[in-house]
Amino acid sequence: MLSSADLERALEPVRGYFSGRVITPNTVLAARLRAASVPTQGPTWETAKAVLANHADFDEAVRRAEQLMHGAHAGTGDGTPAPRRGLVTAEQPFSGTMEWFPKRFREGDIDGQGARKLLGVPNLDSTTLLVREMAQNAWDARGASASIRFTVNLREVTGPALETLRARVFTGESNGLGLKELLARPSIWCLEVSDRGTVGLNGPIRNDRAIEPGVDRNFVDLVFNIGAPRDTHLGGGTYGFGKTISYVISNVGTVLIWSRAQGMDGYEERFIGSAMGDNFDRLGRSYTGRHWWGHVVDDGDRVEPVVGGAASGLGAAVFQDRFGTDETGTSFLILDPDLTGETPEEKVKALRDAVLDNLWPKLMRGEKGRSAMGIDVFLNGTRVVMPQPEDAPALRGYTECLGAVRRAQRLDDDPSDEDGVSLVRVVQIRSQRPKKLLGHLALVRRQLQDGEEAQHHVSLMRHGAELVVKKQAYRKLDVPGFQWMGVFKPAEHVDDSFAAAEP
């Protein structure tokens, strides 16, 4: 029997891969499997659990799962061969044309309009919120990748791609969305948002069956569930607004989702459409206003994604960002996005500015000279120039402060009042009752350059995620010609408390 101390010791080397809410043998085992890039579902998961139950040895459980993943013989721990199967996939053949599945009202359901309003209206414009939340979801799904790619492409969809949407994807009546009227146009604008180097939407495709602790549930939580709690230790998401912002920003409340993840038998692709609109009545039945397009099974009782080669073909027909040979990740196509600005050029500039204002910590060069997240913004496939934050006058002070906070928290020491090189002051922020280190605050004073607007702000961010949660204004300097900037990051052990306090 593993004690709490045993579990803590086993978790410590892979804590960055922990995604459970409680430390148990299963959640620690899942973290160790993720650290070894072994799937946490299917036969590898079943084998690892059986070995752990028999031997109480995490290293042996991971080793046996790795053997199975690479094709070597592995049993279930009791001499029974492990079953060979990949990600959970569709149970019936797919015809080639996606089917419309409107959600019928049943006990306890919330209508689509209510689902969109469930989490309130943050004090941010929709463009900023979209960039922040979708980039953070990508970061939380990075798995074992040291660096991932995040791409935003505002594009006009015409020709064969638009015809595929009309004839093969968005079938059925789609009541109350305005989708049919949109697709009747000769061209439509869409926002394609992609991440690569992430784990993709893995795990089961049914949310009506129990999912064991430690098994990834990315697909069902994003596609079917609303308000699912954050399940990534030190992640940036909280209760799912990043999962609904893509619907909110679409004028027809509709998105397409194409994902590729690693399964036991290689890579598997999944493709599904989803929408949130107003409730409606049809043929004597009431419907919630939530819609999906995919593979309707069980005599019309539920819907699954299109998988395999059919998903690959549909994705390649309508998305511009394809998957490389060994790439995994997820792409969204947001139809008719409501972005800041009037012209496409103004809208893509607003997207770029939102990236710089909110994601600059991800763009900072690391110790090896590259950023942790490659971020690109495109207009119709043409890359928009993105300055490096260390080189941007409006961001340089913040990057210096974040660098100083990172050093202080990495060294876990009491920082000196002055950094002799950059004149950044770093101080510890502590509570009195109880006496506890809450985080580090770095401040820097800089001379104003010609035409520069004076700053007097602190960027508040989370510990591991390093997403700018808020840029808080304080008193201006009384010294003419000077400005000041700051960064606050909580300590790791209190990061969850700051997550709970986010608006």
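Before reading on, note that the structure itself is shown above.
Bear in mind the structure is a predicted one, so any value in this text is a computation, not a measurement.

Draft legend 1. Spatial organisation of the pairing of strand 15 (residues 456–461). Counting buried positions along strand 15 yields 5 of 6 residues, so the element is predominantly enclosed. Relative to strand 17 (residues 482–490), strand 15 runs parallel, the two sharing 5 bridges. Note on strand 17: the bridge partner recorded for serine 459 is valine 487. Pairing between strand 15 and strand 16 (residues 468–473): 5 bridges, direction antiparallel. By the bridge assignment for strand 16, valine 458 is matched with glutamine 472. Between strand 15 and the antiparallel strand that follows it, strand 16, lie 6 residues; glutamate 466 among them carries a positive phi value of about 55 degrees.

Draft legend 2. Structural view of the side chain of histidine 291. Mapped onto the elements, histidine 291 comes out in strand 7 (residues 285–297). The exposure class assigned to histidine 291 is buried, which follows from its relative accessible area of 0%. In this view, histidine 291 contacts Trp100, Phe101, Pro102, Ser174, Asn175, Leu177, Gly273, Ser274, Ala275 and Phe280; residues no more than four positions away in its chain are not counted.

Draft legend 3. Layout of the environment of alanine 50. When you line up the elements, alanine 50 lands in helix 3 (residues 42–55). The class of alanine 50 is buried, set by a relative accessible area of 19%. Separated by 11 residues in the primary sequence, alanine 50 and alanine 61 have C-alpha atoms spaced 7.9 Å apart.

Draft legend 4. Main features of a nonpolar patch on the surface. On the surface, a cluster of nonpolar side chains totalling about 200 Å² of accessible area is made up of Leu477, Val479 and Phe482. Secondary-structure assignment places phenylalanine 482 in strand 17.

Draft legend 5. Representation of the packing of helix 2 (residues 25–35) against helix 4 (residues 58–69). Between helix 2 and helix 4, the least distance of the axes is 10 Å, while the angle of their chain directions is 50 degrees. The angle between the axes of helix 2 and helix 4 places the two elements in the oblique class. Pair helix 2 / helix 4 crosses with right-handed handedness. Seen from helix 2, the contacting residues are Pro25, Val28, Leu29, Arg32 and Leu33; seen from helix 4, they are Phe58, Asp59, Ala61, Val62 and Ala65.

Draft legend 6. A look at the pairing of strand 3 (residues 188–196). The element strand 3 is largely enclosed, with a buried count of 8 among its 9 residues. Pairing between strand 2 (residues 148–157) and strand 3: 9 bridges, direction antiparallel. Each residue of the ladder has a partner; that of arginine 149, found in strand 3, is arginine 196. Here strand 3 pairs with strand 10 (residues 329–335) via 7 bridges, running antiparallel. Bridge pairing in strand 10 links leucine 191 to isoleucine 334.

Draft legend 7. Molecular detail of helix 13 (residues 393–411). Here helix 13 spans 28 Å end to end across 19 residues, near enough to the 27 Å set by a 1.5 Å rise per residue. Those residues of helix 13 that fall on the buried side of the exposure criterion are Leu395, Gly397, Tyr398, Thr399, Cys401, Leu402, Gly403, Ala404, Val405, Ala408 and Gln409. Close packing links the buried residues of helix 13 with helix 12 (344–363), strand 13 (425–431), strand 14 (436–447), strand 15, strand 16 and strand 17.

Draft legend 8. Geometry of the pattern of salt bridges. Counted by the stated rule, this structure contains 28 salt bridges. Linking aspartate 321 and arginine 149 is a salt bridge whose minimum nitrogen-to-oxygen distance equals 3.2 Å. Placement of the pair is aspartate 321 in the loop between helix 11 (308–318) and strand 10 and arginine 149 in strand 2, with a sequence separation of 172 residues. When its relative accessible area of 28% is taken as the criterion, arginine 149 is described as partly exposed. A salt bridge links lysine 489 to glutamate 466, with the shortest nitrogen-to-oxygen separation between them at 2.9 Å. Placement of the pair is lysine 489 in strand 17 and glutamate 466 in the loop between strand 15 and strand 16, with a sequence separation of 23 residues. Its relative accessible area of 4% is what places lysine 489 among the buried residues. Because the salt bridges share partners, they merge into one network encompassing Arg149, Arg196, Asp321 and Glu327.

Draft legend 9. Local environment of unusual backbone geometry. Across the junction of arginine 433 and proline 434, the peptide omega takes the value 0 degrees, indicating a cis bond. By secondary structure assignment, the location of proline 434 is in the loop between strand 13 and strand 14. Unlike most non-glycine residues, leucine 283 shows phi in positive territory, near 50 degrees. Along the chain, leucine 283 falls in the loop between strand 6 (280–282) and strand 7.

Draft legend 10. Examining the sheet that holds strand 15 more closely. Spatially, the 5 strands line up as an open sheet ordered 13-14-17-15-16, and their pairing is mixed. Single-partner strands in this sheet number two, and they are strand 13 and strand 16. On average, adjacent strands in this sheet sit at an angle of 20 degrees to one another, irrespective of strand direction. Each of strand 15, strand 16 and strand 17 touches helix 12; the most contacted strand, strand 16, lies at about 120 degrees to it.

Draft legend 11. Up close: the environment of glycine 16. Positionally, glycine 16 belongs in the loop between helix 1 (4–11) and helix 2. The spacing of glycine 16 and alanine 35 is 19 residues in sequence and 8.5 Å in space, taken between C-alpha atoms.

Draft legend 12. View of helix 6 (residues 126–140). With 15 residues, helix 6 ought to run about 21 Å at 1.5 Å a step, and its terminal C-alpha atoms sit 21 Å apart, in line with that. In terms of residue burial, helix 6 counts as a mostly covered element, since 13 of its 15 residues are buried. With a side-chain oxygen positioned 3.1 Å from the backbone nitrogen of threonine 127, the residue opening helix 6 is aspartate 125.

Draft legend 13. Structural detail: the nonpolar core. If you look at the biggest cluster of nonpolar residues, it comprises 87 residues, and the most contacted ones within it are Phe150, Leu191, Val223 and Trp360. In terms of residues, this core owes the most to one element, helix 12, which gives 8 residues. When near neighbours in sequence (up to four residues on either side) are disregarded, tryptophan 360 contacts Val355, Pro389, Leu395, Tyr398, Thr399, Leu402, Ser459, Met461, Val468 and Val487. Residues Met98, Leu183, Leu333 and Leu335 belong to the second largest nonpolar core, which totals 30 residues.

The rules behind each value
Residues numbered from 1 in each chain as written. Predicted model: local features only at pLDDT ≥ 70, side-chain atom pairs only at ≥ 80, totals over all residues. Heavy atoms only, no water. Buried < 20%, exposed > 50% of the residue type's maximum accessible area, 1.4 Å probe, protein only. Helix = DSSP H or I, 4+ residues; strand = E, 2+ residues; numbered from the N terminus. Pairing = 2+ DSSP bridges. Contact = heavy atoms within 4.5 Å. Patch = residues over 30% accessible without salt bridge, like charges linked within 9 Å, V, L, I, M, F, W, Y side chains within 5 Å. Areas by Shrake-Rupley, 256 points an atom, 1.4 Å probe, with all protein chains shown as cover. Salt bridge = Lys/Arg side-chain N within 4 Å of Asp/Glu carboxyl O. Axes fitted to C-alpha atoms, helices over the stretch in contact; angles between N-to-C directions. Parallel < 35°, antiparallel > 145°, perpendicular 65-115°, else oblique. Left-handed = near helix turned anticlockwise from the far one by under 90°. Expected span 1.5 Å × (residues − 1). Polar contact = N/O pair within 3.5 Å; in protein donor to acceptor, adjacent residues only side chain to side chain. Core = buried A, V, L, I, M, F, W, Y, C linked by side-chain atoms within 4.5 Å.

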